[in-house]
Structure formats: structure tokens, C-alpha cells
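Chain by chain, the residues run as shown.
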Amino acid sequence: MSGDPRGIVLRDLPGAPGTLDGMVAALHALGLRRCHLPGPQWVDADLDGAALDTARAALGAADVTVAVGLGAVNTTRPERAGDALRLGHGDLEAGLHRMVRAAARLGAESAHFTVGTEEDRFSTAPPWADQLAATAPLVRRLAERCADHGLPMVLKTHEEMTTFELARFREQVGHGGLLVGYSPVNVLCRLEDPVAAAARVADWTHTVFLDDADTAWTSRGLERRMRPLGEGRVDWPAVLAALASGRAPAPPRLVLDLHRAALDMPFTDPGWIDRHPDLTPAEFAAVAATATGAPPAPAADLAHRRTAGLARLAALPGLPQTQQPPRGAPAGR
């Protein structure tokens, strides 16, 4: 399948295609050959083998590569798993193993997951650190199953987890078993500097999710507001340079991923900062320094964000292993 590292998340394709043929046509119209699906069950709800085989043949003929999602993997929050519980008839691990087998049969390039949501991070039943500790053994077994199928398992830097926590979680799972999908706009929600966070995960980054955001002052702290790629506060040339200086086994894939949520970082609330024991003054200051004091500009609509993102994505043929920012990198501030 295609070796082009550039791609897009399925939900961000024009027309929201609901069929494989529609997805392929939409990709080809954009000049792309890579797509991130929500899971192998998008191809067939029951993971029918014949349907997966047919889809794999069609993807090969179209020179299209897909990655698939496994959903949220959290043993203390099985309700977050959605289809995995259904496919496992109530057994989360069994459902996830079915999804991994189906992803391999589909010919997926990688399997992606998150641990939960921001709500889970601030839960005390059990506390966030206990959720991670309880989930690590399942992820270890799942990563081993993925490895058996030659399928990289990728943990996305989602809204609920810091890169410090991700590094420790990866230690618990085992170094060889887990790669990273890096999303700079998500680490902003944990008040991490996107450039410093990129350097922390550079050695393990498999995918870079391209999007942009402003941070705006509120009465309780800061808020993330989504912006077109290159028009927000993420210093993309510096982020890409930090990632390129790492020792990842291959240059990361570059995937347009248009986030929707405007998320609060109410750091003046009692106890909020205490829930971020790794937060450093330097990174807090770096995020605060880029925040706007005026009312934030209205978020651009998805169509405009898609157009801007695709234009900049087209200028990124790949991410070379060099310490210099690639030519045509998205503009920063």
C-alpha cells in the first residue's frame, strides 16, 4: 500500500463518507492515500471475515493505507470502550482482541487508542494514577497481541494524559510495545509546552496529528480554542524540528485531525494544579505567554479549517530525520 506519510482522519473527509468506496473516492479527490478509521468495525459491524478480506483487496487496488482505532482502553471505565464491549459480549479484553485480529485481516498499518477523557482524569473513584496502573497490564497484553500480528500499537496524546504520564505508562507496558501519536493541541490542555512535549516523545512518535489552537484567558484560567492549521499558537516548525531530532524507528506519519472541543484549563480552581504534579513553571509560563488577553477570535468553521489544513499538509511530503524544520512546515505564531 501507499508509502505516502500524509493522511486524514475519516470524520474530516468532505461529505462524511460512510462506505469504503466513498472514503477512497474522497481521499483520491484530495490527493491522499492514507486514512484513520474509527475501528475495523466501520468496515463491518460484526467484523465478518469475508467483508474484511474484500475491503483489504479494495484498499490494495486503490493504493490506500488505513490505520484503525481501538477506542478508549481503561479497565476501570469499560463503558468508554463502546464497540469493544459489544464485540466481546461484555468482555472488554476479548472484544479488543477481536478488533486487533480484524485490523490485521483488514491490512491496517497501525492500531490507535486512548485511555479515557478529561472527566476520567479528575475522577477520584478511582484516582487517575490508579486508573493508569490498573490499565497497564491489559495494554501490555494487547500490545503483545498487536506485535504478534505485526501491528504497531499507538497511544494518542489525548486531552486527559500528560506526556510525563505517557512516558511512565509506556515504562509499565514495556518499551517495545507502545508507540505514540502526538497531538500538540491536546497537550495544551494539560498546560504543556507543545515543543517541549514533542521532544519528550520524539523517540517513540509514530504519528503526528496536525491541527492548531489558540489559548485564551478566562475568569478561571485558560481555554483552548481551535484554529486553522498555521493560524494558531502551536509553533509547528519547532514542533516538527523537535520530532525530527528524535530516534523514532521511522519518520512519523502526518495526519490532519480537526479537533472540535473548546476545553477549559481552570488552573485557579482549588486542587486543579495539584492534579498536575509534573507541571513545571517553565512550561506553564510558555503556554500562558502565548495566550491572548483579548476575547478570542471566533473558531473557524470546519470547512475552512479543512481547506487550510489540506493546503499545508500538501507542503509536507514527509518528516526527515534532521534537526532542521522541513521546508513548507506550517507557520507558527
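Residue indices begin from 1 for each chain and proceed along its sequence in written order. Residues qualify for local features only when their pLDDT is at least 70, as the model is predicted, and side-chain atom pairs are given and counted only at 80 or more; totals for whole chains, interfaces and linings, by contrast, use all residues. Note: side-chain values were computed over all heavy atoms of the structure, leaving out hydrogens and water.

1. As for helix 9 (residues 194-201)
- Buried, partly exposed and exposed residues are distinguished by accessible area as a fraction of the type maximum, computed with a 1.4 Å probe on protein chains only: under 20%, between the cut-offs, and over 50%, respectively. Numbering goes from the N terminus for both helices and strands, where a helix is a DSSP run of H or I of at least four residues and a strand is a run of E of at least two. Every buried residue of helix 9 is accounted for by Pro194, Ala197, Ala198 and Val201. Mapping the buried residues of helix 9 onto a view down its axis gives an arc of 105°, with all of them on the same face.
- Residues are treated as being in contact if the distance between any of their heavy atoms lies within 4.5 Å. Where helix 9 is buried, its residues contact helix 7 (163-173), strand 6 (179-182), helix 8 (184-187), strand 7 (205-210) and helix 10 (236-244). Throughout, the arc means the angular range of directions from the helix axis out to the C-beta atoms.

2. What about the environment of Ala81?
- Locating Ala81 in the fold gives a position in the loop between strand 3 (65-72) and helix 3 (83-87).
- Once the C-alpha coordinates of Ala81 and Val115 are considered, the two residues, 34 residues apart in sequence, prove to be 9.4 Å apart.
- Setting aside its immediate chain neighbours within four residues, Ala81 contacts Ala72 and Leu92.

3. Examining the nonpolar core
- Ranked by size, the top nonpolar core spans 87 residues in total, and within it Met23, Leu70, Leu96, Phe113, Met153 and Leu210 carry the most contacts.
- At eight residues, the largest contribution of residues to this core is made by helix 6 (residues 128-148).
- Ignoring anything within four residues of it in the chain, the contact list for Leu210 reads Leu229, Trp236, Leu254, Val255, Leu256, Asp257, Leu313 and Leu316. Grouping buried Ala, Val, Leu, Ile, Met, Phe, Trp, Tyr and Cys residues that are joined through side-chain atoms within 4.5 Å yields what is termed a nonpolar core.

4. Focus: the pattern of salt bridges
- The working definition used for a salt bridge is a side-chain nitrogen of Lys or Arg within 4 Å of a carboxyl oxygen of Asp or Glu. For the coordinates displayed, the defined rule picks out 24 salt bridges.
- In this structure, Arg34 engages Glu109 in a salt bridge whose closest nitrogen and oxygen atoms are separated by 3.3 Å. Remark: Glu109 occurs in the loop between helix 4 (92-106) and strand 4 (111-114) and Arg34 occurs in strand 2 (residues 34-37); sequence separation between them is 75 residues. As far as the burial class goes, Arg34 and Glu109 line up, both buried.
- In this structure, Asp46 engages Arg86 in a salt bridge whose closest nitrogen and oxygen atoms are separated by 3.5 Å. Of the two residues, Asp46 sits in the loop between strand 2 and helix 2 (49-62) while Arg86 sits in helix 3, which places them 40 residues apart along the sequence.
- One continuous salt-bridge network, built from bridges that share partners, spans Arg77, Arg80, Glu119 and Asp120.

5. Re helix 1 (residues 20-30)
- Among the residues of helix 1, Leu20, Met23, Val24, Ala26 and Leu27 are the ones counted as buried. Each buried residue of helix 1 sits inside an arc of 165° when the element is viewed along its axis, so together they form one side. Facing away from the buried side of helix 1, by more than 90 degrees, are the exposed residues Asp21 and Ala29.
- Along its buried surface, helix 1 packs onto strand 1 (6-9), strand 2, helix 2 and strand 3.
- Of the residues trailing helix 1, Gly31 is marked for its positive phi of about 75°.

6. A look at the sheet that holds strand 10 (residues 253-256)
- The sheet built from eight strands closes into a barrel, its strands ordered 1-2-3-4-5-6-7-10 with parallel pairing. Going across the sheet, the axis of each strand differs from the next one's by a mean of 30°, ignoring polarity.
- Paired strands, in this sense, are two strands between which DSSP finds at least two bridges. Looking at chain direction, strand 6 and strand 7 are connected through three bridges and run parallel. Bridge pairing in strand 7 links Val180 to Thr205.
- Lying on the sheet, helix 12 (residues 302-314) is in contact with strand 1, strand 7 and strand 10; it crosses strand 10 at an angle near 165°. As a rule, the C-alpha atoms of each element are fitted with a line to give its axis, helices using only the stretch in contact, and angles between N-to-C directions run from 0 to 180 degrees.

7. Topic: the side chain of His259
- Looking at where His259 falls in the secondary structure, it is placed in the loop between strand 10 and strand 11 (264-265).
- Classification of His259 as buried rests on a relative accessible area of 7%.
- In terms of polar contacts, His259 uses its side chain to reach the backbone carbonyl oxygen of Asp257, at 3.0 Å.
- Residues contacting His259, with those up to four places away along its chain left out, are Arg11, Lys156, Ser183, Val185, Asn186, Asp211, Arg224, Met226 and Arg305. Pairing of N or O atoms within 3.5 Å defines a polar contact, subject to two protein rules: one partner must be a possible hydrogen donor and the other a possible acceptor, and residues neighboring in sequence count only if both atoms are side-chain atoms.

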